[in-house]
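These are the residues of each chain, in order.
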Amino acid sequence: MSDHAEHPSPAAAFPDLLHAQRVWDTELPDFDPATAPPAPLPLFHSWFAGAVAAGQTEPHAMSLATADAEGLPDVRTLLLHDADERGFHFAPHATSAKGRQLAARPYAALGFYWPAQGRQVRVRGPVVRCTPAESHADLHARSTGALAAAQSEVAGSVAELHRAADAAWERAAAEPDTEAPTWTRYVVEPARVEFFQGDARRRHIRLRYRRAEGGAGAGGWTRELLWP
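Since the model is a prediction, treat every value here as computed from it, not as a measurement.

What counts, and at which threshold
- Residues numbered from 1 in each chain as written.
- Predicted model: local features only at pLDDT ≥ 70, side-chain atom pairs only at ≥ 80, totals over all residues.
- Heavy atoms only, no water.
- Salt bridge = Lys/Arg side-chain N within 4 Å of Asp/Glu carboxyl O.
- Helix = DSSP H or I, 4+ residues; strand = E, 2+ residues; numbered from the N terminus.
- Buried < 20%, exposed > 50% of the residue type's maximum accessible area, 1.4 Å probe, protein only.
- Pairing = 2+ DSSP bridges.
- Core = buried A, V, L, I, M, F, W, Y, C linked by side-chain atoms within 4.5 Å.
- Contact = heavy atoms within 4.5 Å.

(A) Region of the structure containing the pattern of salt bridges. Summed over all chains, the structure comprises nine salt bridges. Notably, a salt bridge pairs aspartate 138 with arginine 185, separated by 2.8 Å at the nearest N-O pair. A residue pair is termed long-range when its members are at least 10 positions apart, and aspartate 138 in helix α5 (residues 132-142) and arginine 185 in the loop between α6 (158-174) and β7 (186-188) qualify at 47 residues. Residue arginine 185 is classed as buried on the basis of its relative accessible area, which comes to 14%. Residues joined by salt bridges that share partners form a network here, namely Asp82, Asp138 and Arg185.

Right, dumping it as structure tokens:
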């Protein structure tokens, strides 16, 4: 028997490996949409706290989807910096790919996935830039390494990346108020927020908050139950 027969290629084995994976092999929480608050922010805060309590790894990680000047989509994972009445906050360099895309098309979608509880949250809306003072405060509160401001540019080697990162940390320690002019905090102002509660029998609950035209509905939001 050939080695090929004894050891199937990773590509050949992948479908079997993929289809053998289980989904939500745990007890999931209940969610009654009739008890949901009239606006999405309190529910997001509650679900986030629940994800933390359930031991979800990096519950503040989210997918950010943008489109470039030609309308082609792009997506990446980054961290949520805040969620308040203004919207959902994050921060990259304005010169990065995402920063350039937001300059061309200031609209984005966010996706949170918390498999520990079978929950997702989706957000869509226009994106606005925060003030330079807010961006400066964000840099020094969370992202000292961002002083190496070549985000999304082509790097010559891993060693070059390490040197730049080490230099950024050293500079931040020596000059704690130093500026990174391109570091920019953005806010997604939600127009739609969807909460998805998974169910092992596929009786998923999808509750969508839609910002009503003319501010109709409680707090300017309309709630809609969607088919899964």
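What follows picks up the thread again.
(B) The arrangement of the pairing of strand β6 (residues 119-129) in detail. Looking at chain direction, strand β5 (residues 107-114) and β6 are connected through eight bridges and run antiparallel. The residue of β6 that forms the bridge with glycine 111 is arginine 122. Where β5 folds back on β6, the antiparallel hairpin that results is connected by four residues, among which glycine 118 adopts a positive phi of roughly 65°. The sheet contact formed by β6 and β7 spans three bridges and is antiparallel. Looking at the pairing, arginine 129 lines up with tyrosine 186 of β7.

(C) Representation of the nonpolar core within the structure. Counting 30 residues, the largest nonpolar core has Phe44, Phe88, Phe90, Phe112 and Val121 as the members making the most contacts within it. Listed by contribution, the elements that provide at least two residues to this core are α3 (40-53), β1 (61-67), β4 (87-90), β5, β6, β7, β8 (192-197) and β9 (205-211). The element contributing the most residues to this core is α3, with five residues. When near neighbours in sequence (up to four residues on either side) are disregarded, phenylalanine 112 contacts Phe44, Pro59, His60, Ala61, Met62, Leu80, Phe88, Arg119, Gln120 and Val121.

(D) A look at the pairing of β1. Counting buried residues along β1, five of its seven residues qualify, which places the element largely inside the surrounding structure. Strand direction decides the pairing type here: β1 and strand β2 (residues 73-79), joined by seven bridges, are antiparallel. When the bridges of β2 are listed, serine 63 appears paired with threonine 77. Between the antiparallel neighbours β1 and β2 lie five residues, among them glycine 71 with a positive phi of about 90°. Pairing of β1 with β5 involves three bridges; the strand directions are antiparallel. Each residue of the ladder has a partner; that of leucine 64, found in β5, is leucine 110.

As far as function goes, none of this settles anything; it's purely spatial.
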